[in-house]
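# Fold and geometry: a report
Below, each chain spelled out in residue letters.
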Amino acid sequence: MKKIVLFAALFVVACSGESTISSRAEHFVRSTYNDVDRILSVKVDTVTYGDNLDYRIERAQSNTEFAAHMFKTYKGEKDEEGLKEALAWEAVLDSLKQAAGSILEEPAAYSCIVTYNRPGNLVWVQLDKYGNLLNITKDVDKILINPGEDVPGYLEAYRKHHNL
């Protein structure tokens, strides 16, 4: 019985969290666009710390592949340094992921798609984990690729690795 009550409580909290984010997204659309008559739908996707770190890891792997290609093609000292640096950054990110633990599953941001007045009239609303506005746009090219916060330690590691 305790398990059922706990599950029900967690379900209510999860649903109310998404409902709050949905309401916030709707609020920002109504505040930004003066032609809103009715909201047809709000789709909410949670962006986790893990999602953001995975994106950064994918970018690092892409950079490593490019650096490896440059080294293989030109075999210069600068190319070798670039490859070593890219591999080292990948290793830093892998270490961060291993150390991050359960925070990887926690929300870092929310990406919402709000449809209003007619199907196809879409607005992308990106909110931080507290429901504050990060970005609102009707232009799909202006959607933030990696919204919200990064895992703890990322910025420090980035600055240290890139000597900033």
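Residues numbered from 1 in each chain as written. Predicted model: local features only at pLDDT ≥ 70, side-chain atom pairs only at ≥ 80, totals over all residues. Heavy atoms only, no water.

## Thoughts on the pattern of salt bridges
- Evaluation of the coordinates by the stated rule reveals six salt bridges.
- With a closest N to O distance of 2.5 Å, D54 and K97 form a salt bridge. Highlighted residues: D54 in helix α2 (residues 49–74) and K97 in helix α3 (residues 77–100), separated in sequence by 43 residues.
- Taking relative accessible area as the criterion, K97 reaches 30% and is therefore assigned partly exposed.
- Put simply, K84 and E80 hold a salt bridge, and the shortest N to O gap is 3.8 Å. With K84 and E80 both in helix α3 and four residues apart, this pair spans about one turn of that helix.
- Residue K84 is classed as partly exposed on the basis of its relative accessible area of 46%. (Salt bridge = Lys/Arg side-chain N within 4 Å of Asp/Glu carboxyl O. Helix = DSSP H or I, 4+ residues; strand = E, 2+ residues; numbered from the N terminus. Buried < 20%, exposed > 50% of the residue type's maximum accessible area, 1.4 Å probe, protein only.)

## Side note on the packing of α2 against α3
- Contact geometry for α2 and α3: axes closest at 8 Å, N-to-C directions at 160°. By the criterion of interaxial angle, the relationship of α2 to α3 is roughly antiparallel. The handedness of the crossing between α2 and α3 comes out as left-handed.
- Here the contact of α2 with α3 is built from residues that sort into 14 nonpolar, four polar and seven charged. (Axes fitted to C-alpha atoms, helices over the stretch in contact; angles between N-to-C directions. Parallel < 35°, antiparallel > 145°, perpendicular 65-115°, else oblique. Left-handed = near helix turned anticlockwise from the far one by under 90°. Nonpolar A, V, L, I, M, F, W, Y, C, P; charged D, E, K, R; others polar.)

## Here's the deal with the nonpolar core
- Residues V29, C112, V125 and L127 are the most contacted members of the largest nonpolar core, which totals 16 residues.
- For this core, the secondary structure elements donating two or more residues are α1 (2–32), β1 (39–48), β2 (107–116) and β3 (122–128).
- Not counting the four nearest positions on each side in its chain, V125 is found in contact with A25, F28, V29, Y110, S111, C112, V114, L133, N135 and I136.
- The next biggest cluster of nonpolar side chains, apart from the first, holds 14 residues, and it includes L53, L96, A108 and Y154. (Core = buried A, V, L, I, M, F, W, Y, C linked by side-chain atoms within 4.5 Å. Contact = heavy atoms within 4.5 Å.)

## What to know about the packing of α3 against helix α4 (residues 154–161)
- It is the contact of α3 with α4, at a shortest axis distance of 11 Å, that shows an interaxial angle of 160°. Here α3 is positioned roughly antiparallel relative to α4, judged by the angle of their axes. For the pair α3 and α4, the sense of crossing is right-handed. Contact residues: α3 offers E85, A88, W89, V92, L93 and L96, while α4 offers Y154, A157, Y158 and H161.
- Split into classes, the residues belonging to the contact of α3 with α4 amount to eight nonpolar, one polar and one charged.

## With respect to the environment of I145
- Counting through the fold element by element, I145 comes out in the loop between β4 (133–137) and α4.
- I145 sits in the exposed class, given a relative accessible area of 61%.
- For I145 and N52, which are 93 residues apart along the polypeptide, the C-alpha to C-alpha distance reads 8.8 Å.

## Let's talk about unusual backbone geometry
- With a phi close to 55°, K75 is a non-glycine residue in the positive phi region.
- Among the structural elements, K75 can be located in the loop between α2 and α3.
- Unlike most non-glycine residues, N163 shows phi in positive territory, near 55°.
- Residue classification places N163 among the exposed positions, given a relative accessible area of 68%.

## Quick look at the pairing of β2
- Most of β2 is tucked away, with eight of its ten residues classed as buried.
- In terms of strand pairing, β1 meets β2 through nine bridges, oriented antiparallel. Following the sheet pairing, I39 is matched in β2 by Y116.
- Between β2 and the antiparallel strand that follows it, β3, lie five residues; N117 among them carries a positive phi value of about 65°. (Pairing = 2+ DSSP bridges.)

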